[in-house]
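# Tertiary structure, described
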Amino acid sequence: MKSYKGRGIVLHTLKYGDSSLVVYLLTDVGGRRSFMVQGVRSRSGRGSKLALFQPMFPVAFEGLESSRQQMHRFREVRAGFVLEHVPFDVRKSTVALFMAEVLYRLVRESEPNEALFDFVWSSIGALDALDEGVANFHLWFLANLSRLLGFSPGNEYVPGCWFDIREGLYVPLRPSHPGVLSQEHARTLRDMLECDVRYLGEIGLNRTQRTSFLDAVLAYLGYHLDAVSAVQSVRILREVF
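Described below are features of the structure shown in this document. Given the structure is predicted, the values throughout are model-derived calculations rather than measurements. (Residues numbered from 1 in each chain as written. Predicted model: local features only at pLDDT ≥ 70, side-chain atom pairs only at ≥ 80, totals over all residues. Heavy atoms only, no water.)

## Some words on the overall build of the chain
- Within the chain one finds six helices and eight strands.
- Counting from the amino terminus, helix and strand elements in the chain follow one another as β-β-β-β-β-α-α-α-β-β-β-α-α-α.
- Against the compact-globule benchmark of 18 Å for 241 residues, the chain has a radius of gyration of 19 Å, which places it among compact chains.
- Dimensions of the chain, computed from C-alpha atoms along their principal axes, come out at roughly 60 × 35 × 25 Å. (Helix = DSSP H or I, 4+ residues; strand = E, 2+ residues; numbered from the N terminus. Rg over C-alpha atoms; globule rule 2.2 N^0.38 Å.)

Next up, the structure:
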């Protein structure tokens, strides 16, 4: 087997047999990859490793690649950095679950994407460190993820404009088709794209506005990527925020 080193973010896990897991990672070395982890769920196995494979947990690893097997394996895996708050803060863990599911459903490529990986890696660190604005974090993440996926607005925001989802442009008049973000949502999209994540608490949105904008951004992404409509953790987000 060929060995290689890399970093990854846990997107999803599936039970395999009585004691094993299939772990899906977004990696810096090869985009989305799946790994077989044997014995991790057995009483006599490496139970301590199970804690590494939670949604959005960062890991550093040495992987093993075989031409005869579709899934990779770990020779070694450890925490990429320690998350001090995400595992213990229900708001942050809920956001992390949502981020992981969105990425799992939207990112399918098995080729390196340095910009996307760096954004995701830094985002989970930013969420962990954030003091104010946690309720807005998933909105900021979705808006900026759209940029990394190639759906960033193609022109500059002008006060009072709408956002045409089909054209990817801010427009002065409401389009005749239904694929549009309202003037309020267009302004919030601009705010999320321009806001430094450390100052998310300064974007004043109430619960109704937050839910409405989340639906709007999901519609925006869903126009380009059908898989986003299957994201189940949206319901939990709405309950928490």
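We are not done yet, so read on.
## A short note on the pattern of salt bridges
- Within the structure shown, the criterion is met by nine salt bridges.
- Across the pair Asp89 and Arg91 runs a salt bridge, and its minimum N-O distance is 3.9 Å.
- By relative accessible area, which is 34% here, Arg91 ends up partly exposed.
- Of the charged contacts in the structure, one is a salt bridge between Glu239 and Arg235, with a shortest N-O distance of 3.4 Å. Here Glu239 pairs with Arg235, and both are found in helix H6 (residues 234-240), just four residues apart, close to one helical turn.
- For Arg235, a relative accessible area of 52% puts it in the exposed group. (Salt bridge = Lys/Arg side-chain N within 4 Å of Asp/Glu carboxyl O. Buried < 20%, exposed > 50% of the residue type's maximum accessible area, 1.4 Å probe, protein only.)

## As for the pairing of strand E3 (residues 31-37)
- For E3, the tally of buried residues reaches seven of seven residues, placing the bulk of the element in the interior.
- From the end of strand E2 (residues 20-27) to the start of E3, which pair antiparallel, there are three residues.
- Across two bridges, E3 lies against strand E5 (residues 72-79) in parallel orientation. Of the residues in E5, the one forming a bridge with Phe35 is His72. (Pairing = 2+ DSSP bridges.)

## Let's talk about the sheet that holds E3
- Read once around its circumference, the closed barrel built from five strands follows the order E1-E2-E3-E5-E4, with strand pairing classed as mixed. Mean inter-strand twist for the sheet, computed between neighbouring axes without regard to direction, equals 50°.
- Pairing analysis gives six bridges linking strand E4 (residues 58-65) to E5, with the strands arranged antiparallel. Bridge pairing in E5 links Gly63 to Phe74.
- Of the strands in this sheet, strand E1 (2-16), E2 and E3 touch helix H1 (residues 90-106), which is tilted by about 105° from E1. (Axes fitted to C-alpha atoms, helices over the stretch in contact; angles between N-to-C directions. Contact = heavy atoms within 4.5 Å.)

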